[in-house]
Amino acid sequence: MNVSVGIVALNEEKRLPKLLQDILGQSYPHEKTELVFVDSMSEDKTKDLMREFALEHRAEFLNIQVADNPGRSQSCGWNEAIRAFTTEVLIRIDAHSSIPPNFIEKNMEAQKEGEYVTGGVRLNIVEKDSPWQETLLMAESSMFGSSAAPFRRTAKKQYVKSFFHGAYRREVFEKAGGFREDLGRTEDNEFHYRIRQNGFRLCMFPDIVSYQMIRPNLRQMCRQKFGNGYWIGLTAGVCPGCLSLYHFVPFAFACGIILTTVLAACGYPLFAIAMWSLYWFLAVVMAAGAVRRAKWHAGCLLLPFLFFLLHASYGIGTAAGVIIMPFWRRKHWAKRKNIPKKS
């Protein structure tokens, strides 16, 4: 069975070479693999790297395409990839990622079992091996610091609501359409929700593994969490069914901070004492659990505070999104027609 691998990138000249090496190292036959590179109008050498790779390796692959994404966003880029790929299956790979040599092969084995949408576990990795980045990795990888989403730590084959890297048969796009282009960080949640609404199931296999690089510093990580939360708040107004309860836990935490602070100022401090006592107890316990599975160093002592910053960033972002959502929904409602029409 032939397969297409899609990669959408914007200003990824530093990370893209490693991912391209991962592609070259795949065990699945290159002559059955089409590569669809989509450049989102990068201002660095990203597109040059794609073109150079295509020129050098076109003969050994089924086909290599380099397409443009004038819309620049991730969702617009994936719609370009969907329109361009020519095989039976499209595998989505993020430019911030790394894949092991059997990644494509394992996905195709899963597809041959009769599944229409397959994926696997996504683990976190760091760009540089340093104590501080290891601390950030522990915070991001912890269930308390990130989420309980199955794609982060599943141990068995199961049907799920969403996952990170997916392999999709052409029939899925023909029936469900493509990505909604007015959504930012939640376009995959809405896309997978629509796939499920059209009768397909998302099957996760524990032996399909890929890796995502975490943000290299705390500022970028908090900014990412704020953006994730912000788009959760916006998406709640247009597709609440594509979100899960755990998406709103940081928002509830942020609301709890405000509410208990107001109550404390009004002479009722017990609620604030109870909430903060429980939170810091859980933060310390979860930090201890994360440290036990990793290598100890002094930066580990900061884990409870990192948890707080990540939760607060996400929760405040969601609150901002909820406030903006009614205005955004009126402005962008018509853009839902941007989803590529079914064949």
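Residues numbered from 1 in each chain as written. Predicted model: local features only at pLDDT ≥ 70, side-chain atom pairs only at ≥ 80, totals over all residues. Heavy atoms only, no water.

Draft legend 1. Representation of unusual backbone geometry. Unusually for a residue other than glycine, asparagine 11 sits at a positive phi of about 55°. Here asparagine 11 lies in the loop between strand S1 (3-9) and helix H1 (16-24). With phi around 70°, arginine 72 is a residue other than glycine that occupies positive phi space. Within the secondary structure layout, arginine 72 lies in the loop between strand S3 (63-68) and helix H3 (74-84). (Helix = DSSP H or I, 4+ residues; strand = E, 2+ residues; numbered from the N terminus.)

Draft legend 2. Region of the structure containing a nonpolar patch on the surface. The grouping of Leu278, Phe281, Leu282 and Val285 at the surface amounts to a nonpolar patch, some 380 Å² of accessible area in total. Among the structural elements, leucine 282 can be located in helix H10 (residues 270-292). (Patch = residues over 30% accessible without salt bridge, like charges linked within 9 Å, V, L, I, M, F, W, Y side chains within 5 Å. Areas by Shrake-Rupley, 256 points an atom, 1.4 Å probe, with all protein chains shown as cover. Salt bridge = Lys/Arg side-chain N within 4 Å of Asp/Glu carboxyl O.)

Draft legend 3. Highlighting the pattern of salt bridges. Counted by the stated rule, this structure contains 12 salt bridges. Notably, a salt bridge pairs arginine 15 with glutamate 12, separated by 3.3 Å at the nearest N-O pair. Relative accessible area serves as the criterion here: at 5%, glutamate 12 is assigned to the buried category. A salt bridge links aspartate 22 to lysine 18, with the nearest nitrogen and oxygen atoms 2.9 Å apart. In this pair, aspartate 22 and lysine 18 both sit in helix H1, four residues apart, roughly one turn of the helix. On the basis of relative accessible area, aspartate 22 is assigned to the buried category, the value being 11%. One connected set of salt bridges, linked through shared partners, spans Glu12, Arg15 and Glu127. (Buried < 20%, exposed > 50% of the residue type's maximum accessible area, 1.4 Å probe, protein only.)

Draft legend 4. Spatial organisation of the environment of glutamate 43. By the element assignment, glutamate 43 lies in the loop between strand S2 (33-39) and helix H2 (46-57). A residue is classified by how much of its surface remains accessible, and glutamate 43, at 70% relative accessible area, is exposed. The spacing of glutamate 43 and glutamate 12 is 31 residues in sequence and 9.5 Å in space, taken between C-alpha atoms. Apart from the residues lying within four places of it in its own chain, the contact partners of glutamate 43 are Asn11 and Arg72. (Contact = heavy atoms within 4.5 Å.)

Draft legend 5. Structural detail: the pairing of strand S8 (residues 166-169). Alternating residues of S8 divide into Gly166 and Tyr168 and Ala167 and Arg169, and every residue in both groups is buried. Strand direction decides the pairing type here: strand S6 (residues 117-125) and S8, joined by three bridges, are antiparallel. Within the sheet, the bridge partner assigned to glycine 119 lies in S8 and is glycine 166. (Pairing = 2+ DSSP bridges.)

Draft legend 6. A look at the nonpolar core. Among the nonpolar cores identified, the biggest contains 29 residues, and Ile7, Ile23, Leu35, Phe37, Ile91, Ile93 and Ile104 are the most heavily contacted of them. Counting 23 residues, the second largest nonpolar core, distinct from the first, contains Val8, Ile82, Val160 and Met204. (Core = buried A, V, L, I, M, F, W, Y, C linked by side-chain atoms within 4.5 Å.)

Draft legend 7. Structural view of the side chain of asparagine 107. Relative to the elements of secondary structure, asparagine 107 occurs in helix H4 (residues 103-112). The class for asparagine 107 is buried, based on a relative accessible area of 1%.

Draft legend 8. Main features of the packing of helix H9 (residues 249-265) against H10. Following both chains from N to C, one finds H9 and H10 inclined at 145°, their axes separated by 8 Å at the closest point. Contacts between H9 and H10 involve Phe253, Gly256, Ile257, Thr260, Leu263 and Ala264 from the first element and Phe271, Ala272, Met275, Trp276 and Tyr279 from the second. Its residues assigned to classes, the contact of H9 with H10 comprises nine nonpolar, two polar and no charged. (Axes fitted to C-alpha atoms, helices over the stretch in contact; angles between N-to-C directions. Nonpolar A, V, L, I, M, F, W, Y, C, P; charged D, E, K, R; others polar.)

Draft legend 9. Structural detail: the packing of aromatic side chains. Counted according to the given criterion, the structure contains 23 aromatic pairs. Ring centres 6.2 Å apart and planes at 45° place the aromatic pair phenylalanine 53 and phenylalanine 61 in the tilted group. Taken individually, phenylalanine 53 and phenylalanine 61 each receive the classification buried, so the pair is uniform in this respect. For the ring pair tyrosine 116 and phenylalanine 200, a centre distance of 5.6 Å and an interplane angle of 45° mean the geometry is tilted. Within this pair, whereas tyrosine 116 is found in the loop between H4 and S6, its partner phenylalanine 200 is found in the loop between helix H7 (187-197) and strand S9 (202-213), the two being separated by 84 residues in sequence. By relative accessible area, tyrosine 116 is classed as partly exposed at 32%. Taken together through their ring pairs, the aromatic side chains of Phe144, Phe253, Trp276, Tyr279, Trp280, Phe305, Phe307 and Phe308 make up a single cluster. A cation over an aromatic ring shows up here: arginine 170 above the ring of phenylalanine 85, its NZ or CZ 4.0 Å from the ring centre. (Phe/Tyr/Trp six-rings, centres within 6.5 Å; stacked < 30°, edge-to-face > 60°. Lys NZ or Arg CZ within 6 Å of the ring centre and 35° of its normal.)

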